[in-house]
Amino acid sequence: MSERNKKLIYPEVIDYFNVYNRADKLMGISGEINLAELSAITTEIKGAGILGSYNTAVIGMFNSMQQEIPFRMINTEFFDLMDTSQQAEIVLRSSVQNVNKSSGGALSTQGMRLVFRGRPTAFKPGKIQIGDMMNASVTLELTYYLIEMNGEKKMELDKLNEIYIVNGKDVLAEIRKQC
């Protein structure tokens with residue numbers, strides 16, 4: 001496929017997704033998961049030769065990231081995530097539907113995988129109501145965050161191992177050499 005045609009493919013919707021634990025065992029189906037925000041650590045730059053001040057991101061450094069994993073109902077695997085002494089690993093596997101404008105709107109799909117690692121910091125058992133879901137959740141303090149599309153790493157952040165990769169570029173490679 002030419003570079004021009006690649007640019008004419010637009011993602012439309014998530015067709016389907018599932019939630020797994022470290023061992024690829026189905027954790028339970030969640031209706032919706034809001035993904036953790038990556039917010040760079042910044043510092044204010046000011047001084048001689050600068051008109052005023054501005055904030056700059058510190059390369060590869062990110063603030064605390066929390067990922068809430070909602071469960072429609074409490075199940076056995078929910079309790080596996082409650083051990084605060086262990087890193088939990090959650091994998092989201094989804095299918096992204098795309099439309100190709102150059103072929104008159106033909107649809108295609110591609111896989112997307114997200115991996116989160118972190119220790120649990122909050123548990124919400126939810127509610128008990130006749131004929132309704134419990135809406136339980138577990139919150140992880142993330143130390144690892146990976147996004148893959150079609151098996152290709154697009155972003156990997158591993159706070160404990162000094163890894164930050166974006167579109168195949170090891171952003172911290174030069175910094176690790178210098179230290």
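Please refer to the structure higher up on the page.
What comes next is a walk through the structure. Positions within a chain are numbered from 1, following the residues in the order the chain's sequence is written. Residue-level local features of this predicted model are given only where pLDDT is at least 70; pairs of side-chain atoms are given and counted only at 80 or more, and the full residue set underlies all totals for whole chains, interfaces and linings. The basis for the side-chain values is all heavy atoms of the structure; hydrogens and waters are excluded.

Some thoughts on the overall build of the chain
When you go through the chain residue by residue, the secondary structure sums to three helices and 10 strands. In this description a helix means any DSSP run of H or I spanning at least four residues, a strand means any run of E spanning at least two, and both kinds are numbered starting from the N terminus. Start at the N end of the chain and walk to the C end: the helices and strands fall as α-β-β-β-β-α-β-β-β-β-β-β-α. At 20 Å, the chain has a C-alpha radius of gyration far larger than the 16 Å of a compact globule built from 179 residues. With the C-alpha coordinates of the chain rotated into their principal frame, the extents come out at 65 × 50 × 30 Å. For the chain, the proportion of its 179 residues judged to be buried stands at 31%. The long-range share in the chain, meaning contacts at least 24 apart out of those at least 6 apart in sequence, stands at 58%. Note on areas: Shrake-Rupley, 1.4 Å probe, and residue coverage restricted to the protein chains presented here. With an accessible surface of roughly 11,200 Å², the chain has 52% of that area assigned to carbon and sulfur atoms. As defined in this context, the radius of gyration uses C-alpha atoms, and a globule is described by 2.2 Å times the residue total to the power 0.38. Here's how the labels work: a residue is buried when its accessible area is under 20% of the maximum for its type, exposed when over 50%, partly exposed in between, all with a 1.4 Å probe on protein chains only. Any two residues having at least one pair of non-hydrogen atoms within 4.5 Å are treated as being in contact.

A word on the environment of G60
Mapped onto the elements, G60 comes out in strand β3 (residues 53-62). Looking at G60, the relative accessible area reads 17%, which means it is buried. Spatially, the C-alpha atoms of G60 and Y164 are 6.0 Å apart, while their sequence positions differ by 104 residues. Excluding residues within four positions of it along the chain, G60 makes contact with L157, Y164 and L172.

Some remarks on the pattern of salt bridges
Take a side-chain nitrogen of Lys or Arg and a carboxyl oxygen of Asp or Glu: if they are within 4 Å of each other, that pair is a salt bridge. Evaluation of the coordinates by the stated rule reveals eight salt bridges. Here K46 and E44 are joined by a salt bridge, their closest N and O atoms 4.0 Å apart. Across the salt bridge formed by K127 and D132, the nearest N and O atoms sit 2.9 Å from each other. Given a relative accessible area of 34%, K127 falls into the partly exposed group.

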